[in-house]
Amino acid sequence: MPGITAWAGFYELAAPRKGENVYISAATLLEVQEVEILKNKFGFDDAFNYKEEQDLDAALKRCFPEGIDIYFENVGGKMLDAVLLNMRLHGRITACGMISQYNLSQTEGVHNMMNIVFKRIQMKGFFATDYFPEYAKFLDVVLPLIREGKVVYLEDIAEGLETAPAALVGLFTGRNVGKQVVAVSKE
Ligand SMILES: NC(=O)c1ccc[n+]([C@@H]2O[C@H](COP(=O)([O-])OP(=O)(O)OC[C@H]3O[C@@H](n4cnc5c(N)ncnc54)[C@H](OP(=O)(O)O)[C@@H]3O)[C@@H](O)[C@H]2O)c1
């Protein structure tokens, strides 16, 4: 599910071109060491921990001095507002999710929407399930990239079904590093 979501949102919707600046939000990171994992293991040029930044606009300007061409939106709210200020002309936003809004009794407003007009931005939402008929195409693209080490992933594996409740609760406190998986049995 995460793989085809990333593939569809990135390649099918955002259609990246060589040299473009891409901002992907809500990658699993919490501590300084996890920012380093994003840079050293996953090959991002820069990364920041949203929990440590007082000013998201300043953080984005630090990471993207020339602005953002493609924003892979997973967060919404204040993050989207800050991103809109930093998008480049003709930028594209792939709307995948808005996790910052899911547990609020009242969702936040987004105030910088006029940037969509000024900067001729395209914003398009999608569901990964729309692309399930293309699962074979996704595997054809991604499996060779994994074998060649061009796509890498990190799993946080909890061993045994009895660890599942704690693993689930940990998702809401940012305890996991990488995709949380429960291995019921190795057989
Ligand atoms: N469109 C689709 O078909 C589709 C399919 C699957 C998922 N999604 C969306 O993709 C996103 C990620 O899903 P997932 O399954 O990968 O979730 P996940 O494994 O639970 O990870 C959620 C991530 O969001 C971060 N996060 C939470 N609140 C945040 C905030 N206010 N600002 C910035 N980051 C925040 C968490 O970081 P901390 O733990 O450090 O807080 C964590 O890294 C969600 O928005 C989900 O709705 C969409």
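Given the structure is predicted, the values throughout are model-derived calculations rather than measurements.

Rules behind the numbers
Residues numbered from 1 in each chain as written. Predicted model: local features only at pLDDT ≥ 70, side-chain atom pairs only at ≥ 80, totals over all residues. Heavy atoms only, no water. Salt bridge = Lys/Arg side-chain N within 4 Å of Asp/Glu carboxyl O. Helix = DSSP H or I, 4+ residues; strand = E, 2+ residues; numbered from the N terminus. Buried < 20%, exposed > 50% of the residue type's maximum accessible area, 1.4 Å probe, protein only. Patch = residues over 30% accessible without salt bridge, like charges linked within 9 Å, V, L, I, M, F, W, Y side chains within 5 Å. Areas by Shrake-Rupley, 256 points an atom, 1.4 Å probe, with all protein chains shown as cover. Domains from an automatic or database assignment. Contact = heavy atoms within 4.5 Å. Core = buried A, V, L, I, M, F, W, Y, C linked by side-chain atoms within 4.5 Å. Pairing = 2+ DSSP bridges. Right-handed = clockwise from strand over helix to strand, strands pointing away. Near = heavy atom within 4 Å. Polar contact = N/O pair within 3.5 Å; in protein donor to acceptor, adjacent residues only side chain to side chain. Axes fitted to C-alpha atoms, helices over the stretch in contact; angles between N-to-C directions.

Moving on, we get to the pattern of salt bridges. Applying the stated criterion to the full structure yields eleven salt bridges. For Glu-12, the salt bridge identified is with Lys-137, shortest N-O distance 3.4 Å. Note that Glu-12 is positioned in helix H1 (residues 2-14) and Lys-137 in helix H6 (residues 135-147), a separation of 125 residues in sequence. By relative accessible area, Glu-12 is classed as partly exposed at 32%.

For the rest of this paragraph, the subject is a nonpolar patch on the surface. The grouping of Met-1, Phe-132, Tyr-135, Leu-139, Leu-143, Ile-146, Val-151 and Tyr-153 at the surface amounts to a nonpolar patch, some 710 Å² of accessible area in total. Position of Leu-143 relative to the elements: it lies in helix H6. On the basis of relative accessibility, which here comes to 35%, the residue Leu-143 falls in the partly exposed class.

All right, on to the domain arrangement of the protein chain then. When its domains are assigned, the protein chain resolves into domain 1 (2-153) and domain 2 (154-187). When each unit is reduced to the centre of its C-alpha atoms, the spacing between domain 1 and domain 2 is 24 Å. Each partner contributes residues to the interface: domain 1 has nine residues there, and domain 2 has eight residues. One can count zero salt bridges joining domain 1 with domain 2.

One recurring pattern in soluble globular proteins is that nonpolar side chains are buried together. Counting residues in each nonpolar core, the largest one holds 18 residues, and the members touching the most others are Tyr-23, Phe-48, Leu-60, Ile-68, Tyr-71, Met-79 and Val-83. Broken down by secondary-structure element, the contributors of at least two residues to this core are helix H3 (56-63), strand E2 (68-73), helix H4 (77-86) and strand E3 (87-95). For this core, the element with the most residues is H4, which contributes five residues. Among the nonpolar cores identified, the runner-up in size contains eleven residues, and Ala-8, Phe-126, Phe-138 and Val-142 belong to it.

In this section: the pairing of strand E5 (residues 155-159). Burial of E5 is one-sided: the residues Asp-156 and Ala-158 facing one way are buried, the residues Glu-155, Ile-157 and Glu-159 facing the other way are not. As paired strands, E5 and strand E6 (residues 179-183) are joined by five bridges and run parallel to one another. Pairing of Asp-156 across the sheet is with Gln-180, part of E6. With helix H7 (residues 164-171) bridging E5 and its parallel neighbour E6, the resulting β-α-β unit is right-handed.

Right, let's get into the site of the ligand. Around the ligand, the surrounding shell holds 21 residues, and the nearest of these are Tyr-50, Cys-96, Tyr-102, Phe-126 and Ala-128. Measuring from an oxygen atom of the ligand, one finds a backbone N or O atom of Asn-74 at 3.0 Å. Within the backbone of Ala-128, an N or O atom sits 2.6 Å from an oxygen atom of the ligand. When the free accessible area of the ligand is taken as 910 Å², the share hidden by the protein chains comes to 76%.

Time to look at the sheet that holds E2. Strand order across the open sheet formed by four strands is E1-E2-E3-E4, with parallel pairing between neighbours. With one partner strand each, in any of the chains shown, strand E1 (22-24) and strand E4 (122-125) form the two edges of the open sheet. Looking at each pair of strands side by side, their axes are set apart by 15° on average, direction ignored. Lying over the sheet, H4 contacts E1, E2, E3 and E4, oriented at roughly 150° with respect to E3.

Further remarks concern H4. Most of H4 is tucked away: eight of the ten residues are buried. Residues of H4 that are buried sit in contact with E1, H3, E2, E3, helix H5 (114-118) and E4.

Mapped onto the elements, Thr-5 comes out in helix H1. Assessed through its relative accessible area of 14%, Thr-5 is described here as buried. Setting aside anything within four residues of it in sequence, one finds Thr-5 in contact with Phe-72, Cys-96, Phe-126 and Ala-128.

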